[in-house]
Amino acid sequence: MTNGSQGHVVWAISRAHCRKFESRRPVLQDAVKGLQAKESYVDHGAASSRVSSWKASLAEAVDHWEDAVEAAEDQLDALTHRFDSNPSLTPTDQDHRLYQQLHGHVEHAQSQLHVYTTLAATSFGADGEFATLLGHCFDFEVNEKELKGGTSNTIARTYVMVYCPFVNVTQTEPGYHAWRLAQKQAQVGDKYTVQDDAKVPDIQRPILLGLWHTWLPQPKDDNVAILFPAPLYVQGIPHEAETRVTSDMRPPQQLYGQGEVCGGRDDPRRRSRRVTVEMHCASHNHIVFVEERAWCDYVLGFGTPAACTDAYIAHLENALKSAAPHDEL
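An unreviewed UniProt entry annotates the protein chain as MRH domain-containing protein of Aphanomyces astaci.

A. Here's a closer look at the overall build of the protein chain. For the protein chain, the helix and strand inventory stands at 6 helices and 12 strands. Looking at the 329 residues of the protein chain, the share that counts as buried comes to 36%. Across the protein chain, every contact between residues at least 6 apart in sequence was considered, and the portion connecting residues at least 24 apart equals 64%. Carbon and sulfur atoms form 51% of the exposed surface of the protein chain, whose accessible area is close to 19400 Å².

B. Geometry of the confidence of the model for the protein chain. When pLDDT is averaged along the protein chain, the result is 81; 81% of the residues meet or exceed 70. Below pLDDT 50 for its whole length, residues 8-14 participates in 3 contacts with residues either more than four positions away or in separate chains. A low-confidence stretch, residues 225-242 stays under pLDDT 50, and its non-local contacts, those more than four residues away or across chains, total 36 contacts.

C. Examining the pairing of strand E3 (residues 168-172) more closely. Judged by how many residues are buried, E3 sits mostly within the fold: 4 of 5 residues are covered. Where strand E2 (residues 158-164) hands over to E3, the hairpin turn is made up of 3 residues, of which Phe166 adopts a positive phi near 65°. Taken together, the 4 bridges between E3 and strand E4 (residues 207-215) define a ladder with antiparallel strand orientation. Along E4, the bridge assignment pairs Gln171 with Ile207.

D. Layout of the state of the cysteines. Inspection of every chain in the model, using the stated rule, returns 3 disulfides. A disulfide bridge connects Cys262 with Cys296, and the sulfur atoms are separated by 1.7 Å. In this structure the cystine formed by Cys262 and Cys296 twists about its S-S bond by roughly -95°; its chirality is therefore left-handed. Of this pair, Cys262 sits in strand E8 (residues 261-262) while Cys296 is found in the loop between strand E11 (286-294) and strand E12 (297-304), placing the two residues 34 residues apart along the sequence. In this structure Cys262 comes out as buried when scored by relative accessible area, which is 3%. Residue classification places Cys296 among the buried positions, given a relative accessible area of 4%. Between Cys281 and Cys308 runs a disulfide, and the two sulfur atoms are separated by 2.0 Å. On the S-S bond that ties Cys281 to Cys308, the torsion sits near 90°, and the link is right-handed.

E. How the structure looks around the pattern of salt bridges. Applying the stated criterion across every chain, the model contains 7 salt bridges. Among the ionic pairs, Arg82 bridges to Asp95, the shortest N-O distance being 3.8 Å. Here Arg82 is found in helix H2 (residues 46-84), whereas its partner Asp95 is found in helix H3 (residues 93-120), with 13 residues between them in sequence. For Asp95, a relative accessible area of 12% gives the class buried. Connected via shared salt-bridge partners are Arg271, Arg274 and Asp297.

F. How the structure looks around the nonpolar core. Of all hydrophobic cores here, the largest spans 32 residues; its most connected members are Tyr163, Leu300 and Phe302. Counting the residues that make up this core, at least three belong to each of domain 1 (24-42 + 129-321) and domain 2 (46-125). In this structure, Val27, Ala31, Ile313 and Leu316 belong to the second largest nonpolar core, which totals 10 residues.

G. Expanded view of the UniProt feature "coiled-coil region" (unreviewed entry) in the protein chain. The UniProt record annotates "coiled-coil region" (unreviewed entry) at residues 55-82. The straight-line gap between the two end C-alpha atoms of residues 55-82 is 41 Å; of that span, 100% is helix and 0% is strand.

H. Focus on the environment of His136. Within the secondary structure layout, His136 lies in the loop between H3 and strand E1 (138-143). For the pair His136 and Pro165, spaced 29 residues apart in sequence, the C-alpha to C-alpha distance is 7.1 Å. What His136 contacts, discounting residues up to four positions off in sequence, is Arg50, Tyr163, Cys164 and Pro165.

I. Layout of unusual backbone geometry. Positive phi is not limited to glycine here, since Phe166 has a value of about 65°. Position of Phe166 among the secondary structure elements: in the loop between E2 and E3. Owing to a relative accessible area of 0%, Phe166 belongs among the buried residues under this scheme. The phi torsion at Gln258 lies on the positive side, around 60°, for a residue other than glycine. Along the chain, the position of Gln258 falls in the loop between strand E7 (253-257) and E8. Among the residues examined, Gln258 registers a relative accessible area of 58% and is labelled exposed.

J. Focus on the environment of His284. Structurally, the position occupied by His284 is in the loop between strand E10 (274-281) and E11. Placed 18 residues apart in sequence, His284 and Phe302 show a C-alpha to C-alpha distance of 9.8 Å. Once residues within four sequence positions are removed from consideration, His284 is found in contact with Gly303, Thr304 and Pro305.

Quick notes on the rules
- Sequence positions are assigned chain by chain, starting from 1 and proceeding in written order.
- Per-residue local features are limited, in this predicted model, to residues with pLDDT of at least 70; the limit for side-chain atom pairs, both in listing and counting, is 80 or more; totals at the level of whole chains, interfaces and linings are taken over all residues.
- Note: side-chain values were computed over all heavy atoms of the structure, leaving out hydrogens and water.
- Helix and strand definitions here come from DSSP, where helices need a minimum of 4 consecutive H or I residues and strands a minimum of 2 consecutive E residues; each element is numbered from the N-terminal end.
- Any residue under 20% of the maximum accessible area for its type is buried, any over 50% is exposed, and the rest in between are partly exposed; the area is computed with a 1.4 Å probe on protein chains only.
- We call two residues in contact whenever any of their non-hydrogen atoms come within 4.5 Å of each other.
- Working definition of accessibility: Shrake-Rupley area with a 1.4 Å probe, residue cover restricted to the visible protein chains.
- Residue-level confidence of the predictor is summarised by pLDDT, bounded by 0 at the bottom and 100 at the top.
- Pairing between strands is defined by DSSP: at least two bridges between them are needed.
- For this text, the term disulfide refers to a pair of cysteine sulfurs within 2.5 Å.
- Every case where a carboxyl oxygen of Asp or Glu lies within 4 Å of a side-chain nitrogen of Lys or Arg is listed as a salt bridge.
- Side-chain atoms within 4.5 Å are what join buried Ala, Val, Leu, Ile, Met, Phe, Trp, Tyr and Cys residues into a set we call a nonpolar core.
- An automatic or database domain assignment supplies the start and end points of every domain.
- UniProt positions are given in the numbering used here, feature names are shortened, and annotations may be inferred rather than shown by experiment.

And the structure:
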């Protein structure tokens, strides 16, 4: 290779290195904005005030549902005692319906009590920083190819995932009716035009993917891999961008469980849906991705200032320094 050719190669490598370096700078800037937003929220007392207000309302809800459970159980006990104490009585159809109704009331009240008791014991971060998410919901549109990695449908269905922090995650499909018509049209091709004869559009009910359960513990391994800046923000990061960091820098994770069941009664894979939410540092609250990495097991990436830390900012700064163009190039 001639000296001129070598010079062109070095110049090309230098240009590529600079572009890679510059593409990473906005990630650091976004993270710094996120940390500033978090510190402002915490320093002005908004976090502690919101947590206190939330805890007070939760305590009232727990008291309410404790009373509701007791009242429903008393009514059910009274009905069953009536027949247990008098074997000559034969329950009527109305008695059976009343029993089923009261049993349903007990289960509903117990379920609500469990939800609010779990919430009352929830941590919102060391400084209450995650309290900023309380009372808000965030939606994200994703098609099934992106969600599942593929589809057997001619036309991919589009879902809207709704994440309500510390409450639940649901899946809706507002465009189902239009998709069904488009799917039929794609199947018949140009033979004829599919007519929309429905007087009322088909509406799919929301599917519960998971109820708030708990924060997942951080791994005990103090030497874990993390990409720069994170696979969440930059696609196609080369392997050499991977660094080793302490496990406390990994994104906090939430678990939402007890979602609706996947699979039929005889399906060996039958299981309840669940969602793991990864909290990543960002300048504002938003869903970044949703993936179904295993059957009915979802991962939702959520960007939020509440997840920003000094340690993560320092990691980005160090990674930027190591990626900075060298004078010799």
